[in-house]
Amino acid sequence: MKYIILLFAIAFFTSIILGSILDLDYSEKLIGFGVIGIFFIVFPLFAYHRWKDKDPKDYMLTKENLDKMRDNQRRRKS
């Protein structure tokens with residue numbers, strides 16, 4: 001999965017760079033395609049890849065998690 005994400009990222013960044021450097025009739029379309037590809041393909045794939053085995057509740061500020069953080073701070077100070 002990470003190689004697919006890397007391949008897409010390289011392709012879209014290359015599209016942006018080539019659109020900026022080359023003086024073609026469709027260079028603005030290359031830049032736009034690259035930007036849209038990064039934000040609608042690469043970033044969602046990356047986010048899914050990074051979060052697929054994690055529980056979002058571990059990262060939310062719930063009462064239980066706040067109590068755990070306070071207990072950990074008290075232990076460090078002692």
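Keep in mind that this is a model prediction, so the values were computed, not measured.

Within the protein chain one finds 3 helices and 0 strands. With respect to the three principal axes, the spread of C-alpha positions in the protein chain is 65 × 25 × 20 Å. In the protein chain, which comprises 78 residues, the share counted as buried stands at 15%. Surface summary for the protein chain: the accessible area is close to 7,000 Å², and the carbon and sulfur share equals 64%.

Turning to the confidence of the model for the protein chain, a few remarks are in order. Taken over all residues, the pLDDT of the protein chain has a mean of 91, while the share at 70 or more is 99%. Considering each helix and strand of the protein chain separately, the mean pLDDT is smallest for helix α3 (residues 63-77), with a value of 87, and largest for helix α1 (residues 2-21), with 96.

So, about the packing of aromatic side chains. Under the defined criterion, the tally for this structure stands at 2 aromatic pairs. Taking the centre distance of 6.1 Å and the plane angle of 15 degrees together, the rings of Phe8 and Phe12 count as stacked. Pair noted here: Phe8 and Phe12 are both in helix α1, with a separation of 4 residues, about one helical turn. Phe8 sits in the partly exposed class, given a relative accessible area of 32%. A relative accessible area of 5% places Phe12 in the buried class. Judged by centre distance (5.3 Å) and plane angle (65 degrees), the ring pair of Phe12 and Phe33 falls under edge-to-face. Residue Phe12 is found in helix α1, and its partner Phe33 is found in helix α2 (residues 27-51); the two are separated by 21 residues along the sequence. Phe33 gets classed as exposed once you look at its relative accessible area, which sits at 51%. The structure contains a cluster of three or more aromatic residues connected by ring pairs, namely Phe8, Phe12 and Phe33.

What counts, and at which threshold
- Residues numbered from 1 in each chain as written.
- Predicted model: local features only at pLDDT ≥ 70, side-chain atom pairs only at ≥ 80, totals over all residues.
- Heavy atoms only, no water.
- Helix = DSSP H or I, 4+ residues; strand = E, 2+ residues; numbered from the N terminus.
- Buried < 20%, exposed > 50% of the residue type's maximum accessible area, 1.4 Å probe, protein only.
- Areas by Shrake-Rupley, 256 points an atom, 1.4 Å probe, with all protein chains shown as cover.
- pLDDT = per-residue confidence, 0-100.
- Phe/Tyr/Trp six-rings, centres within 6.5 Å; stacked < 30°, edge-to-face > 60°.

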